Every structure is written in C-alpha cells, then in structure tokens.
Amino acid sequence: KSAKSSKGPKSSKGGSAGAQFDTRLNRGGDEVKRGGGENTDFGKHPKNTKSGNSANHENGGKKIGRSAGCSHKRIDISNLVDGRNEKALNFIVNMDKLALCPGGDKDFQITQRYNLAAIYFETDGSSWRGVPSWLSESNECSWEGIKCKNGIITEIDLSMKSLSSKLPDLFSEFPSLVKLDLFSNSLTGTIPMSWQKLTKLENLDLGINLLSGSVPDIFGSMENLVRVHLDTNFFTGNIPKSICNMIEENNKFYFSVDCKQVECNSCLSVSQEGSLGIRSGLNNIITKMQSGSVGMKNMNAALWLTILFSSFFII
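What counts, and at which threshold
Residues numbered from 1 in each chain as written. Predicted model: local features only at pLDDT ≥ 70, side-chain atom pairs only at ≥ 80, totals over all residues. Heavy atoms only, no water. Disulfide = S-S within 2.5 Å. Helix = DSSP H or I, 4+ residues; strand = E, 2+ residues; numbered from the N terminus. Buried < 20%, exposed > 50% of the residue type's maximum accessible area, 1.4 Å probe, protein only. Pairing = 2+ DSSP bridges. Core = buried A, V, L, I, M, F, W, Y, C linked by side-chain atoms within 4.5 Å. Contact = heavy atoms within 4.5 Å.

Undergrad: Mind showing me how you'd approach the state of the cysteines here?
TA: Each disulfide consists of one covalent bond between the sulfur atoms belonging to two cysteines. Under the counting rule described, the total for this entry stands at three disulfides. Here Cys244 engages in a disulfide with Cys267; their sulfurs sit 2.1 Å apart. Every disulfide takes its handedness from the sign of the S-S torsion; for Cys244 and Cys267 that torsion is -90°, giving left-handed. Of the two residues, Cys244 is situated in helix H4 (residues 241-249) and Cys267 in the loop between strand S13 (262-263) and helix H5 (282-291); the sequence distance between them amounts to 23 residues. Taking the relative accessible area as the measure of exposure, Cys244 reaches 9% and is therefore buried. With its sulfur 2.2 Å from that of its partner, Cys259 forms a disulfide with Cys264.

Undergrad: Explain the pairing of strand S3 (residues 146-149) to me, please; I cannot follow it from the model alone.
TA: Regular strands place their side chains on alternate faces of the sheet. Sheet topology note: the S3/strand S4 (residues 152-157) ladder contains four bridges and is antiparallel. Following the sheet pairing, Ile146 is matched in S4 by Ile156. Between the antiparallel neighbours S3 and S4 lie two residues, among them Asn150 with a positive phi of about 55°.

Undergrad: Even after reading the chapter, I still don't get the nonpolar core, so can you show me in this structure?
TA: For soluble globular proteins, the rule of thumb is that nonpolar side chains tend to be buried together. Ile156, Leu182, Trp195 and Phe219 are the most contacted members of the largest nonpolar core, which has 62 residues in total. The greatest single-element share of this core, amounting to eight residues, is contributed by helix H3 (residues 106-122). Among residues more than four places away in sequence, those in contact with Phe219 are Leu204, Leu225, Val228, Pro240, Ser242, Ile243 and Met246.

Undergrad: Hey, could you run me through the pairing of strand S7 (residues 186-189) in this one?
TA: Pairing of strand S5 (residues 164-166) with S7, which is carried by three bridges, proceeds in the parallel orientation. If you follow Ser165 over to S7, its bridge partner there is Leu187. The sheet contact formed by S7 and strand S9 (residues 210-214) spans two bridges and is parallel. Across the sheet, the residue bridging to Gly189 is Leu211, located in S9.

Laid out in structure tokens, this is it:
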C-alpha cells in the first residue's frame, strides 16, 4: 500500500500540475464485438387503421405492436414510463417486434426497453457504430454493451460508439448499474444530479467527451465506487467533497480529471512511492490501438481532442 502525503497535487494555475495516473489497461473486460448492418429508424409514426387500432404491422406474416393482441397498450405503457421521449414510446407501443403486453413481470422489461430506446434516440442512435442488435426483437440484455443479472441491467458500456448530443439523465433509471462506460464519444452538457440515484455504481467513465460545467457532488451515496474518469472534457471548478473523501479513505480509488481546468488542490492528499506522475491522455488511445480495440475511423475525434488537451490525471 502506498503511503499518503499531506500535500495535494499542485494546481496548474500555480505551476506544474502534479497528478497521479493509472494506465486504464483492460478497462472493462472483453471488447464488445462489432457487427455490420444498419440501424432502423424507429422514430417514424405508423399510420392508424380506420378501425382506430394503431399500426397493424406485419413482418413476414407476424404481427407486431398493438396488433399482437394487447388492448389499450399505449395507455397502459404510458402509465409505466415517463413518456417524455415520443420516439421511444412509439417504438415500445408500435414498433417493438418483441411485442410485450403490459401486466405482471413484463412491466419491468417494458420499462427497461423504453429507457434504453430513449437513450438511443436522445444520443442520435442511428449514427452509432457497431450496435446492430439495438431495438431488435432480441432480449435487451443481449444488446451490444448491455449486461444483466437476473434480467436486470447492471452494466452499460457504450464506449467509442459515436454517441452525440446531451448526456441523458435517463441512465439514472437503471439503479442496479455497477458500471457505466461512455468513454470517447461526443456527449455534451453536464453530469445530471439525478445520477446520485446510482448508489451501486462501481465504475464510471466519461473520459474524452465534450462535457462541461462543474462536477456535481453526487458521489457520496456510491459506497462501492472505485473508479471515476472525467478526463479530457471541459469541466471547471473544484473536485467535489465526496470524491476528495474517497481519495482520502480508499487507497484503491482511482479518479482522473483535467487539472488544467479543475482545481485539483481541493483534495489534500495523494499517494507517494512512484504513483505520482503526469500522463498524457494520448497514451490511453495508443494503448487501445496496440490492443486492436480502436479502429482508425473510430478514433479520429477522440485522438485530436486528446492531443488538444494533453490531459492530466490524479488518482
């Protein structure tokens, strides 16, 4: 175990930014296999029939949506989900080939599929890379980047999938998450306060995006948290107190942030004995290239953004 120093890393405002680093090797286990194929835009609203039943769709002779036999499906599902994303609601009600009917244990699965669909549409899912199974009739636990335990989503890994637009607060609707990895995308906005509901979270990676604002103090309830990567973004302000407490109390806790923009001196102690250093964010991309997990097309934006920042990290 490393000894701890009473001195914090120097702020970049006062000179060189002292920083601890981790190599982030084997960031999340096996890389999700990327397949070909195009993603269907499920956002278009189907026409209603004259009888008043919406969307009597056929797919190879198999009826989907409300035509599968669910009466009042839209009304029932609207009571299960927030319904803010009309495209996701339309997908669940009319276009989902799994054609789940509300009631009993299916309500939970309908809610999970709606929330995933809403995230898909809110982050321009039609432009994602390597996610052919998303919004398919297969169980959502088999969709790329999704892992479940007993049918409950516990991991979401959408790193390097070309997500864009505002960072969705809907991730907070998966309270059993232990891992949320959105590394190297083009997400904007701030970290939602609603994420404090993710009390089981162990690993959060938002590195290399376009996020901004201050880092909210939402981590105090995440007792199992061991990794938080916020590097190579546009965050400002101070490191939140809850993160400082974790750095102080848990020598296995890893945290990365850009000390050129965030006041790293707000945390008092860091470990010594060789673990204090400076690492360019470019190293993480190079490591992934060598392991074959990053293709040239997928890495361009992340590479240039990382070069621009020459980010520094603390643990």
